[in-house]
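Report on the structure
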Amino acid sequence: MNPIALTWVLVGKDLKIEYRSRQAYLTTVFFALLILVIFNFAFDPGSPATREAAPGILWVALLFPGIIRLNRSFQVEMEEGTLYGLILSPADRGVLFLGKFLANWLFLMVVDLLVLLAFVIVYNFSFSIQLLWIALLIVLSALGFSAVGTLLGAMVSTIRTREVLLPVLLFPIILPIILPAVSGTQEILLAQEIQSLGRSVELLLAFDVIYLAAGFVLFDYVVAD
Amino acid sequence: MSFTWPPDLYFLIMLSPINTSWRLARLYLRIADWSLIPLYFLMVVALYGAFLYAPTEREMGEVQRIFYFHVGAAWNCFLAFFGVFLGGVAYLITRKRSWDHLAASCVEVGVVFTTMVLTTGPIWARPIWNTWWPWGDPRIMTTMVLWLIYVAYLMLRSSLPEGETKYKYCAVFGIIGFLDVPIVWFSIRWWRTIHPVVITSSGAELEPEMIHALFVSVIAMTVLCVTLVMLRMAMRLNSSMAEELTHS
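Nothing here was measured: the structure is a model prediction, and the numbers come from that model. (Residues numbered from 1 in each chain as written. Chains lettered and ligands numbered in written order. Predicted model: local features only at pLDDT ≥ 70, side-chain atom pairs only at ≥ 80, totals over all residues. Heavy atoms only, no water.)

Right, let's get into helix α4 (residues 66-79) of chain A. Residues and elements named next belong to chain A. Across its 14 residues, α4 extends 20 Å between first and last C-alpha, which sits within 8% of the 20 Å expected from 1.5 Å per residue. The largest bend in α4 amounts to roughly 25° and is located at Ser73. Here α4 lies mainly inside the structure; 10 of its 14 residues are buried. Within two residues after α4, Gly81 carries a phi angle of roughly 70°, on the positive side. (Helix = DSSP H or I, 4+ residues; strand = E, 2+ residues; numbered from the N terminus. Expected span 1.5 Å × (residues − 1). Bend = angle between axes of the 7 residues up to and from the residue. Buried < 20%, exposed > 50% of the residue type's maximum accessible area, 1.4 Å probe, protein only.)

Written out as structure tokens, the structure is:
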């Protein structure tokens, strides 16, 4: 089998597991919804301050629940010992990484777009063509997030305290995603005209390229021999 | 005399007939011991330079003197974290334990120096900028993110059992942590910066006495950094040898 076909087999397998169990994406979306509601309660609901902070709240609601997905990505493999099957298969380690990463990315994009939909409604923004720009920011940041997350998720999957350790390791690394994502969203939602969105996109792209390459190279060292 | 290839730390001391771990540990300790003498001397000179020799800054007053320690620590935390990156890459290529010793020791020392930078910074910033923690400055944010990443590294290290897996994982995390530094830097750079840029490519905007004091202080801090790393590496080598003895 060629590597591309193999990658898609892996992606299809992961997404099928998620689709059939339903547990993961329902919990993830629900957690994100809770964050949106909690922040609305924490600030004065409906006040201008909440609206000002809305872009930041959106990104907290997008990034925190992603941890659930990443933890699950390798946990399901560990439970039945299927990770060893994957490692023993003739597939290259790089293909394994790409398969896992793509499954995580696709999953997060679907969940994130649902959260964006809920966000627009709960925070009273209007549906306009500009939301497509936010969708672009979401797609790019989910890419970087899943690239680092897949690598670190594989790493902590064998550790007893993985649920705590994954966010502790992941969040400092993905801090540079948050800045361009939030300032880009702020511009799209609140500013009169869009000026520096290009810069945000560039930074996210740089992050994505660096960490996708790093993940691809380093994954080999992370999965058990 | 044994020759190992690809080269590891042995290579650096190839000139002496050292080929066993305990001799290597003794060498680290000896380097640390010998650097103590110039270190004491340099520390005294650096203190004299910072508090007595350098003139008081016209606008900032006495509080500016913290600058000599702040800059010395900042330079060394980047040096130490570069050591982590280097040790990580070299470990993954050679699988020699001594590179992991280097990376782990550099993280510990680097975190100490970063903590020093993040403590001296606010003490100076409060009277000068009227705020402890000015958000949005690339240097401050980058240093803080570095601190967070390497404290996370220490947590990862302490939650893994001894073994090759641990050294591999730590090497990987050390590498991806270091890759973050330029991205954090650029993602904050297009915010307004208020951090003073003292040394530019066109030269330093300081009195000559201040430059002398800064120079001695940076050297003293670097010697301190190397000494601490050597001590930690000797400690690690000793404990790994003790482990081998008890398990064999």
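There's more to say after this.
This paragraph deals with the interface of chain B and chain A. With 27 residues of chain B at the interface, the matching set in chain A holds 29 residues. Taken together, both faces of the contact between chain B and chain A bury some 2,500 Å²; the carbon and sulfur share is 79%. The tally of links between chain B and chain A comes to 0 salt bridges. Connecting chain B to chain A are 3 residue pairs in polar contact (both at pLDDT 80 or more). (Contact = heavy atoms within 4.5 Å. Buried area = accessible area lost by both parts, 1.4 Å probe. Salt bridge = Lys/Arg side-chain N within 4 Å of Asp/Glu carboxyl O. Polar contact = N/O pair within 3.5 Å; in protein donor to acceptor, adjacent residues only side chain to side chain.)

Attention shifts here to the pattern of salt bridges. This model, assessed by the stated rule, comprises 14 salt bridges over all chains. For A:Arg162, the salt bridge goes to A:Glu163, with nearest N and O atoms at 4.0 Å. Residue A:Glu163 is classed as partly exposed on the basis of its relative accessible area, which comes to 40%. In this structure, B:Glu108 engages B:Arg232 in a salt bridge whose closest nitrogen and oxygen atoms are separated by 2.6 Å. Here B:Arg232 lies in helix α7 (residues 208-247) and B:Glu108 lies in helix α4 (residues 97-129), a separation of 124 residues in the sequence. What makes B:Arg232 partly exposed here is its relative accessible area of 33%. Within the structure, one salt-bridge network assembled from shared partners comprises A:Lys13, A:Asp14, A:Glu77 and A:Lys100.

Right, let's talk about the nonpolar core for a bit. Ranked by internal contacts, the top residues of the largest apolar core, which has 134 residues, are A:Phe119, A:Val148, A:Leu152, B:Tyr150, B:Leu156, B:Phe173 and B:Ile176. Residue contributions to this core peak at 16 residues, all from helix α6 (residues 93-122) of chain A. Every residue in contact with A:Leu152, bar those within four places of it in the chain, is listed here: A:Leu166, A:Leu169, A:Leu170, B:Phe173 and B:Ile176. Judged by nonpolar contacts, the second largest core, of 5 residues, contains B:Leu39, B:Leu42, B:Ala46 and B:Ala220. (Core = buried A, V, L, I, M, F, W, Y, C linked by side-chain atoms within 4.5 Å.)

Right, let's talk about the side chain of A:Asp208 for a bit. Residue and element names in this part refer to chain A. On the secondary structure map, Asp208 appears in helix α9 (residues 197-222). Arg69 is the oppositely charged side chain nearest to the buried, salt-bridge-free Asp208, at an N-O distance of 17 Å. Look past the residues within four positions of Asp208 in its chain and what remains in contact with it is Leu140, Leu143 and Gly144. (Lys, Arg positive; Asp, Glu negative; His and termini not counted.)

Moving on: a nonpolar patch on the surface. Residues and elements named next belong to chain A. A contiguous nonpolar surface patch, about 550 Å² in accessible area, is contributed by Phe30, Phe31, Leu33, Leu34, Ile38 and Phe64. Positionally, Phe30 belongs in helix α2 (residues 23-42). Looking at Phe30, the relative accessible area reads 54%, which means it is exposed. (Patch = residues over 30% accessible without salt bridge, like charges linked within 9 Å, V, L, I, M, F, W, Y side chains within 5 Å. Areas by Shrake-Rupley, 256 points an atom, 1.4 Å probe, with all protein chains shown as cover.)

The next point concerns the confidence of the model for chain A. Confidence along chain A averages 87 in pLDDT terms, with 99% of residues attaining 70 or more. Taking the mean pLDDT of every element in chain A, the minimum, 80, falls on helix α5 (residues 82-88) of chain A and the maximum, 92, on helix α7 (residues 131-156) of chain A. (pLDDT = per-residue confidence, 0-100.)

Okay, the environment of A:Ile178 next. Residue and element names in this part refer to chain A. For Ile178, the position within the fold is in helix α8 (residues 162-190). Of the residues examined, Ile178 reaches a relative accessible area of 27% and is grouped as partly exposed. Between the C-alpha atoms of Ile178 and Leu63, which are 115 residues apart in sequence, the distance is 8.8 Å.

Looking at the element boundaries, B:Asn76 is found in helix α3 (residues 67-94). Among the polar contacts made by the side chain of B:Asn76, one reaches the main-chain carbonyl oxygen of B:Met221 at a distance of 3.5 Å.

Okay, unusual backbone geometry next. If you check the backbone angles, A:Asn124 has positive phi at about 55° while not being a glycine. Within the secondary structure layout, A:Asn124 lies in the loop between α6 and α7. One non-glycine residue with positive phi stands out, namely B:Asn130, at about 65°. Within the fold, B:Asn130 resides in the loop between α4 and α5 (138-158). On the accessibility criterion, B:Asn130 (61% relative accessible area) is exposed.

Residue and element names in this part refer to chain A. Packing of α2 against helix α3 (residues 48-63) leaves a shortest axis separation of 10 Å and a crossing angle of 155°. On the basis of their axis angle, the class for α2 and α3 is roughly antiparallel. Between α2 and α3 lies a crossing whose hand is right-handed. The segment α2 lies against α3, with Ala32, Ile35, Leu36, Phe39 and Asn40 engaging Thr50, Ile57, Val60 and Ala61. Of the residues belonging to the contact of α2 with α3, the class tally is 7 nonpolar, 2 polar and no charged. (Axes fitted to C-alpha atoms, helices over the stretch in contact; angles between N-to-C directions. Parallel < 35°, antiparallel > 145°, perpendicular 65-115°, else oblique. Left-handed = near helix turned anticlockwise from the far one by under 90°. Nonpolar A, V, L, I, M, F, W, Y, C, P; charged D, E, K, R; others polar.)

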